[in-house]
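Inside the fold
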Amino acid sequence: MQAKNPAIGLCQQATFLISAAKVDQCPDDQGYEVAFAGRSNAGKSSALNTLTHASLARTSKTPGRTQLLNFFRLDEERRLVDLPGYGYAKVPIPLKLHWQKHLEAYLGSRESLRGLMLMMDIRHPLTEFDRMMLDWSGASGMPMHILLTKADKLAFGAAKTTLLKVQQEIRKGWGEHVSIQLFSAPKRIGVEDAQAVLGHWLGLMGGEAEVEQVEE
Ligand SMILES: Nc1nc2c(ncn2[C@@H]2O[C@H](COP(=O)(O)OP(=O)(O)OP(=O)(O)O)[C@@H](O)[C@H]2O)c(=O)[nH]1
Ligand SMILES: [Mg+2]
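Residues numbered from 1 in each chain as written. Chains lettered and ligands numbered in written order. Predicted model: local features only at pLDDT ≥ 70, side-chain atom pairs only at ≥ 80, totals over all residues. Heavy atoms only, no water.

The name recorded for the chain in an unreviewed UniProt entry is Probable GTP-binding protein EngB, from Phytopseudomonas seleniipraecipitans. According to the UniProt record, the Cofactor (unreviewed entry) comment for the chain reads "Mg(2+)". (UniProt positions renumbered as here; feature names shortened; annotations may be inferred.)

Here the focus is the overall build of the chain. Tallying secondary structure elements over the chain gives 6 helices and 7 strands in all. The order of α-helices and β-strands along the chain, N terminus first, is α-β-β-α-β-β-α-β-α-β-α-β-α. Burial analysis of the chain (216 residues in total) assigns 49% to the buried set. In the chain, the share of contacts with a sequence separation of at least 24, taken over all contacts with a separation of at least 6, comes to 73%. (Helix = DSSP H or I, 4+ residues; strand = E, 2+ residues; numbered from the N terminus. Buried < 20%, exposed > 50% of the residue type's maximum accessible area, 1.4 Å probe, protein only. Contact = heavy atoms within 4.5 Å.)

In this section: the packing of aromatic side chains. Summed over the entire model, instances satisfying the criterion amount to 2 aromatic pairs. With 5.8 Å between their ring centres and 65 degrees between their planes, F16 and F72 make a pair best called edge-to-face. Residue F16 is located in strand 1 (residues 15-20), and its partner F72 is located in strand 3 (residues 69-75); the two are separated by 56 residues in the primary sequence. Since its relative accessible area comes to 1%, F72 is described here as buried. With 6.4 Å between their ring centres and 70 degrees between their planes, F71 and Y106 make a pair best called edge-to-face. Of this pair, F71 sits in strand 3 while Y106 sits in helix 3 (residues 93-109); the two residues are 35 residues apart in sequence, bridging distant segments of the chain. By relative accessible area, F71 is classed as buried at 0%. For Y106, a relative accessible area of 0% puts it in the buried group. Lying over the aromatic face of Y32, R78 brings its terminal NZ or CZ to 4.9 Å of the ring centre. (Phe/Tyr/Trp six-rings, centres within 6.5 Å; stacked < 30°, edge-to-face > 60°. Lys NZ or Arg CZ within 6 Å of the ring centre and 35° of its normal.)

Let us look at the pattern of salt bridges. Applying the stated criterion across every chain, the model contains 9 salt bridges. Among the ionic pairs, R79 bridges to E33, the shortest N-O distance being 2.4 Å. One end of the pair, R79, is in strand 4 (residues 78-82); the other, E33, is in strand 2 (residues 32-38), and 46 residues separate them in sequence. Taking relative accessible area as the criterion, E33 reaches 0% and is therefore assigned buried. Across the pair R78 and E77 runs a salt bridge whose closest N-O atoms are separated by 3.8 Å. Accessibility expressed as a relative area gives 9% for R78, which makes it buried. (Salt bridge = Lys/Arg side-chain N within 4 Å of Asp/Glu carboxyl O.)

A separate point is the nonpolar core. Among the nonpolar cores identified, the biggest contains 34 residues, and L83, Y106, L116, I146 and I170 are the most heavily contacted of them. Elements supplying a minimum of two residues to this core: strand 2, strand 3, helix 3, strand 5 (113-121), helix 4 (128-140), strand 6 (144-149), helix 5 (156-174) and strand 7 (178-182). A per-element tally of this core places helix 5 first, with 5 residues. One finds F72, L74, M117 and V191 within the second-largest nonpolar core, a separate group that totals 22 residues. (Core = buried A, V, L, I, M, F, W, Y, C linked by side-chain atoms within 4.5 Å.)

With that settled, the discussion passes to the environment of T50. Residue placement: T50 occurs in helix 2 (residues 44-52). Residue class for T50 comes out buried when judged on its relative accessible area of 8%. Along the primary structure T50 and C11 are separated by 39 residues, whereas in three dimensions their C-alpha atoms are 9.8 Å apart. Beyond its immediate sequence surroundings of up to four residues, T50 is in contact with F183, A185, R188 and V191.

Given below as structure tokens:
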């Protein structure tokens, strides 16, 4: 199925479109958009680059690097968005409030937003911010798919154990509509599964996104 996923070819054509500091600077709100969210340093930009086979998004060892909403064009009516990282302590308060305000404005108003990819560092899952995003997606009915990033930092068994644990907690707290998988940018773990989710959300494949569940 994944070999035929049209999202793969489309992602390879991704080009930088625009950086927006506020919602009124975003591209026209039409078509399909998928946003990448998560705590600062969780690996949003790295995941985006891995999924598009490009170095579109700037990655950094310094958390808090992505400070604007960065839009990437896939085709005339499809876009990916790298959202500003959230929750980095060293960012000055006024800037934090600025981001929070504009992130909320974006999430609350964007008609073309079809799904949220939430990146969580596998070593620090379910932070307060992650829980807030899960609450928001539940309340607004926005589909959410979680990438447990940096899975290469743990041994395979430990990574799977964490996946199961987080999956159980999510099922209990937010129901079954949130899907989750392991991901690693350098080791390319979980790339095809994440691309399949993108394919569905971008209106390129019929039906619901199906992510293989963990075997217990
Ligand atoms: N080992 C490993 N390192 C990763 C992975 N993903 C990201 N990193 C590293 O983690 C750091 C942060 O990655 P970014 O992709 O810049 O994180 P971000 O979430 O975009 O950060 P902000 O833009 O600051 O919010 C960088 O040093 C990356 O190289 C991964 O899957 N495995
Ligand atoms: Mg970033």
